[in-house]
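In case you want the letters, here they are:
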Amino acid sequence: MAFPDDLDKPSRTMLTSEGSVNRCSHVVDDNGLRFLSPIECERLNGFPDDWTKGMPDRMRYFCMGNALVVPIVERVGKKIMEIEKCIMM
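Residues numbered from 1 in each chain as written. Predicted model: local features only at pLDDT ≥ 70, side-chain atom pairs only at ≥ 80, totals over all residues. Heavy atoms only, no water.

Go over the nonpolar core, please, and point to the residues and values.
One finds M14, V28, L36, C41, F47, Y61 and M64 forming the largest nonpolar core, which totals 7 residues. Look past the residues within four positions of M64 in its chain and what remains in contact with it is M14, C41, E42, N45, F47, W51 and T52. (Core = buried A, V, L, I, M, F, W, Y, C linked by side-chain atoms within 4.5 Å. Buried < 20%, exposed > 50% of the residue type's maximum accessible area, 1.4 Å probe, protein only. Contact = heavy atoms within 4.5 Å.)

Encoded structure:
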């Protein structure tokens, strides 16, 4: 894995351990090294900003590491609907 994460490339998969410091943590360099914020993690997964607001940050990271990426799920769902329409004809 590249260190720090390249901001010009697609993100790596988020893990439930995202809120801890380990070799899989996302670290970016924008005028200094830092971890992704919970809102950035929500955005990477296609959730609205502050979707997990009100939870402790550790739980927010865990939820985003456990989540499916919303736009991918939407695309898969649309494709399944297209296939079903073809089968019904």
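There's more to say after this.
I'd love a proper account of the packing of aromatic side chains, names of residues and values included.
Tallied over the entire structure, the rule returns 1 aromatic pair. For the ring pair F47 and W51, a centre distance of 5.6 Å and an interplane angle of 50° mean the geometry is tilted. Here F47 falls in the buried class, since its relative accessible area comes to 17%. (Phe/Tyr/Trp six-rings, centres within 6.5 Å; stacked < 30°, edge-to-face > 60°.)

Run through the environment of R43, naming residues and quoting values.
With respect to the helices and strands, the residue R43 is situated in helix α1 (residues 38-44). Linking R43 and M64, residues 21 residues apart in sequence, is a C-alpha distance of 9.5 Å. (Helix = DSSP H or I, 4+ residues; strand = E, 2+ residues; numbered from the N terminus.)

Mind laying out the environment of R60, listing which residues take part and the relevant values?
For R60, the position within the fold is in helix α2 (residues 57-66). With 50 residues separating them along the chain, R60 and P10 place their C-alpha atoms 21 Å apart. Filtering out sequence-adjacent residues up to four positions away, R60 remains in contact with P38, I39, E42, D50, T52, K53 and M55.

Talk me through the side chain of H26; I want residue IDs and the actual numbers.
Positionally, H26 belongs in the segment before β1 (27-29). We classify H26 as buried; its relative accessible area is 3%. Within the structure, the side chain of H26 is placed 3.3 Å from the side chain of S11, a separation counted as a polar contact. At 3.2 Å, the side chain of H26 and the backbone oxygen of R12 are in polar contact. (Polar contact = N/O pair within 3.5 Å; in protein donor to acceptor, adjacent residues only side chain to side chain.)

Help me get a handle on unusual backbone geometry, residues and values and all.
Phi angles above zero are rare outside glycine, and N31 is one such case at about 70°. Within the secondary structure, N31 sits in the loop between β1 and β2 (33-35). For D50, which is not a glycine, the phi torsion comes out positive at approximately 65°. Judged by its relative accessible area of 32%, D50 is partly exposed.

Outline the state of the cysteines, supporting the account with residue identities and numerical values.
A complete count under the given rule lists 0 disulfides for this structure. Of the cysteine sulfurs around C63, a residue in no disulfide, the closest is that of C41, at 11 Å. Overall, the relative accessible area of 23% leaves C63 in the partly exposed class. (Disulfide = S-S within 2.5 Å.)

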